[in-house]
Every structure is written in C-alpha cells, then in structure tokens.
Amino acid sequence: MVVHHRFDLWNAPAWFAERLRKDFPELEIVHRTSYEGVEEHLRDAEILFAFSLRAEQFKFAKKLCWIHAPTAAVHQLLFPELVKSDVVLTNAREVHGPVVAEHVMALIFALAKKIPQAARLQQKRIWGQDAIWNDGPRPREIAGATLGLIGLGSIGRTVARMASALGMRVIAVREHTEKEKPEGVAAVYSPAQLDNLLSQSDYVVVAAPLTEATRGLINANRLAAMHPDAYLINVGRGPQVDEAALADALRARRIAGAALDVFEQEPLPAGSPLWEIENLLITPHTAGLTEKLWQRHYALFSENLRRYLAGEPLLFVVDKQKGY
C-alpha cells in the first residue's frame, strides 16, 4: 500500500493495514505513507494499492500482477507501459458512486429550492422571502422535472434510482445503448444524441469518466443546447466542462445556474472568476466525502483480495484501453 495525499481523509488509516495483516496472515503487507524510496518495495510487489504510479516507477515492478486504485478515476494510471501490460487494474467506483449520488441529489434540491440564496440572505440578516421568489429563477418542484444523466456508471445508476423515486423523469446518454436500461431510466441516448438530451433536461448531471471523448464535452455549443431554465451539475471531472464558456453562459443567464464539485484546477485558485458568479454553487470536491469511507474501501478491497488469492475473477476491473 502506497497512499499519500495532502487531504487527510484520502490517506489510509493505520487500522486498514493492520486489519489486512490480521485477515490475510499469509501475505506480507507493506504500508507506505510516502512515495519516497518506493521503488525498492515495488521490486517484490505482486499487488499495489495506490492512487497513482509513474511510468518510471512501474519499470521496477517486475512481479506486479494487480493494481487497485482507491479512486473512481484512473486516468492518472493509464500511461502506455501499464496499458500494454498484463497488470490488472481495478478501481473503487462502487465505494464512491452511492456517496456522490447523494451529493448530486442534495445539489438538485439546493438549486431547485434556492438554498444558496437563502444562506446568503441569512448571513446578512435579511428576511428574503420576496427576493427568493422574485430574483432569478423561482423555486420549483422536483417531481415532474427531467433529469439528464451523462454517464450511467455507479453514480449515474444510483442517481437514476433516487431521482425516479422522487417523481423525476430520467433520461441518459451512454456509449452502449444496446444494454438494458437501468432502473429508473426512461430513455437512453447515444453520445451522438447528446444535444437531444440537453434540450429536454431541467437538470443535466455530468457523471462520466474522463476520457478523450469526454474532455471538454460541455462547451459553448452544448450549453447553448440547454434551455434557459436548466441547471448543470458536474461531479465527473473538471476538464469535462469548459469553465470559461460556463461562466459566460451563467453571467448572461443563458442557463439558470450550475453546481460544480470538480474543477480544471484544484484547489480552485482564489483568483478564479468562478467564485464571483452568483448563480453558481461551488462545493470543493466534497461529493465523495463520508465518515465511512475507509470501511467501504476495506469491504471492497478485502473481497477482491480474497478473490485474487482464490483465483476468482476480480470485481470492478477497469478496461485499460477505454479508461473506465
């Protein structure tokens, strides 16, 4: 295990490695909290649990068979040498997906009920009933609204179930339209039909993996396809949305508003013009935060470890060619 991050929650707690040693006594578990000198450990590593690995480090890992990333995104691992290798790559999409889906629903309610405006007025000690009703889009009902999902992975499928249970009509875009529609999804479109989905949606949720096909997906033309009362929510990856084009659309009120949890540059710089846009709700990449995070990680990883030792197929294997 090599897990080091500036944000404390992303660092594996000590009990994680200790429990692995207890539950899998036949294995030698090495827990590193720094990448410094990791090459020596990589020489004998058969399994790696890590956020990232550089190509120059991968050269040392001659015995490596399986990498598990405690993230949903794996683009940081898809350098050519690893993609071409026989090393199996798994990710933690089922750890993060349900938690991020809850955040998506919270953002939909916040936008629909104008909660950010109410919070700002509260800080100013203003009884803002008239302002909330008259300034900008009016509070609206969730039931009967159309939710457009870009991506039907773990996040998208969970959002679809939750939203449909609230009476929303859910439509989605995904690459393989021939697959059976997930629970709660009324219609599935191909990527070529994205503008059709955008034009119908009251809320558009970006929850797709970052690939070359989705980089810059929501640009000025795509924003123009949305109707003026619609909202954009991004919990996928920052580079999937053209932030400058979004800022222009929000200022001109060409769409009603947006909520972003991910950004092209993180942390979002203090000088970014996004901070000043009134109809933009910013959450600082917190959609996946939960006090149960590492318990969820342990449940998934330990099951996959059991499968690996038993010679059974692993769960949540990433297609390294496609990147998800």
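The preceding data block contains the structure.
Residues numbered from 1 in each chain as written. Predicted model: local features only at pLDDT ≥ 70, side-chain atom pairs only at ≥ 80, totals over all residues. Heavy atoms only, no water.

Q: What should I look at first to understand the overall build of the chain in this one?
A: Summing up its helical and strand segments, the chain has twelve helices and ten strands in all. For 324 residues, the compact-globule formula gives about 20 Å, and the C-alpha radius of gyration of the chain, at 21 Å, lands near that figure. Along the longest, intermediate and shortest principal axes, the C-alpha atoms of the chain span 65 × 50 × 35 Å. Looking at the chain residue by residue over its 324 residues, the buried ones come to 48%. Sequence separation of at least 24 residues holds for 60% of the intrachain contacts in the chain that already meet a minimum separation of 6. Of the roughly 16,200 Å² of accessible surface on the chain, 52% is carried by carbon and sulfur atoms. Here the chain contributes 37 positive and 38 negative side-chain charges, whose respective centroids are spaced 2 Å apart. (Helix = DSSP H or I, 4+ residues; strand = E, 2+ residues; numbered from the N terminus. Rg over C-alpha atoms; globule rule 2.2 N^0.38 Å. Buried < 20%, exposed > 50% of the residue type's maximum accessible area, 1.4 Å probe, protein only. Contact = heavy atoms within 4.5 Å. Areas by Shrake-Rupley, 256 points an atom, 1.4 Å probe, with all protein chains shown as cover. Lys, Arg positive; Asp, Glu negative; His and termini not counted. Charge placed at Lys NZ, Arg CZ, Asp CG, Glu CD.)

Q: For this particular structure, what's the right way to read helix α8 (residues 154–165)?
A: For an α-helix, the turn length of 3.6 residues means that residues three or four places apart are oriented alike. Taking 1.5 Å per residue as the helical rise, α8 with its twelve residues ought to reach 16 Å, and the 17 Å between its terminal C-alpha atoms agrees with that figure. Every buried residue of α8 is listed here: S154, I155, G156, T158, V159, A160 and A163. As for α8, its buried residues are in contact with α5 (93–112), β4 (146–150), β5 (169–173) and β6 (185–189). In the stretch just after α8, G167 is the one whose phi turns positive, near 90 degrees. (Expected span 1.5 Å × (residues − 1).)

Q: Just checking my understanding: could you explain the sheet that holds β6 for this structure?
A: Spatially, β6-β5-β4-β7-β8-β9-β10 is the arrangement adopted by the seven strands of the open sheet, whose pairing is parallel. Strand pairing shows two members of the sheet lacking a second neighbour, β6 and β10 (280–282), which therefore form its edges. Averaged over all pairs of adjacent strands, the angle between strand axes in this sheet comes to 15 degrees, irrespective of strand direction. The pairing of strand β9 (residues 257–260) with β10 spans three bridges and is parallel. Note that in β10 the partner of L260 across the bridge is I282. (Pairing = 2+ DSSP bridges. Axes fitted to C-alpha atoms, helices over the stretch in contact; angles between N-to-C directions.)

Q: Just to check I follow, could you spell out the packing of aromatic side chains for this structure?
A: Within a pair of aromatic rings, the relevant descriptors are the distance that separates the centres and the angle that separates the planes. Scanning the entire structure with this criterion turns up 13 aromatic pairs. A ring pair is formed by F16 and F49, whose centres lie 5.4 Å apart and whose planes are at 55 degrees; its orientation type is tilted. With F16 in helix α1 (residues 14–23) and F49 in strand β1 (residues 47–49), the pair connects residues that are 33 residues apart, well separated along the chain. Side by side, F16 and F49 carry an identical accessibility label, which is buried. Each member of the aromatic cluster is reached from another via a ring pair, and the members are W15, F16, F49, W66, W294, Y298, F301 and Y308. (Phe/Tyr/Trp six-rings, centres within 6.5 Å; stacked < 30°, edge-to-face > 60°.)

Q: Looking at this model, I keep getting lost on the packing of α1 against helix α12 (residues 293–310). Mind explaining?
A: Axes are the key here: two packed helices are described by the angle between their axes and the distance separating the axes. Taken N-terminus to C-terminus, the directions of α1 and α12 make an angle of 30 degrees; their axes are 11 Å apart at the nearest point. Taken together, α1 and α12 sit at an angle that is classed as roughly parallel. The two elements α1 and α12 meet at a crossing, and its hand is right-handed. Taken together, the residues of α12 that come into contact with α1 (itself represented by W15, F16, R19, L20 and D23) are W294, Q295, H297, Y298, F301 and L305. Looking at side-chain class alone, the contact of α1 with α12 contains seven nonpolar, two polar and two charged residues. (Parallel < 35°, antiparallel > 145°, perpendicular 65-115°, else oblique. Left-handed = near helix turned anticlockwise from the far one by under 90°. Nonpolar A, V, L, I, M, F, W, Y, C, P; charged D, E, K, R; others polar.)

Q: What is the right way to read the nonpolar core from this model?
A: Most often, soluble globular proteins have nonpolar side chains that are buried together. In terms of nonpolar packing, the biggest core is built from 33 residues, with I108, L147, L149, Y203 and V235 touching the most fellow members. Among residues more than four places away in sequence, those in contact with L149 are G156, V159, A160, V170, I171, A172, V173, L197 and V205. (Core = buried A, V, L, I, M, F, W, Y, C linked by side-chain atoms within 4.5 Å.)

Q: How do you make sense of the sheet that holds β1 when you look at a structure like this?
A: Strand-to-strand pairing in sheets goes through backbone hydrogen bonds, with the strands running parallel or antiparallel. With parallel pairing, the three strands of this open sheet are ordered in space as β1-β2-β3. Here the strands that pair on one side only, and so sit at the sheet edges, are β1 and β3 (88–90). Taking each pair of neighbouring strands and ignoring which way they run, the sheet shows an average axis angle of 15 degrees. Two elements, strand β2 (residues 66–68) and β3, share three bridges in a ladder whose sense is parallel. Opposite I67, over in β3, you have L89 as the bridge partner. Against the sheet, α12 makes contact with β1, β2 and β3, and its axis sits at roughly 165 degrees relative to β2, the strand it touches most.

Q: I'm lost on the environment of G136 in this one. Help?
A: Within the secondary structure, G136 sits in the loop between α7 (129–134) and β4. Of the residues examined, G136 reaches a relative accessible area of 46% and is grouped as partly exposed. Separated by 131 residues in sequence, G136 and H5 have C-alpha atoms that sit 40 Å apart.

Q: Is there a simple way to think about unusual backbone geometry in this case?
A: Going from E266 to P267, the amide bond is cis rather than trans, its omega being -5 degrees. Mapped onto the fold, P267 is located in the loop between β9 and β10. One non-glycine residue, R253, adopts positive backbone phi at about 60 degrees. With respect to the helices, strands and loops of the structure, R253 is situated in the loop between α11 (243–251) and β9. Phi is positive for F316, which is not a glycine, with a value near 60 degrees.

Everything listed is a geometric property; what it means functionally is a separate question.
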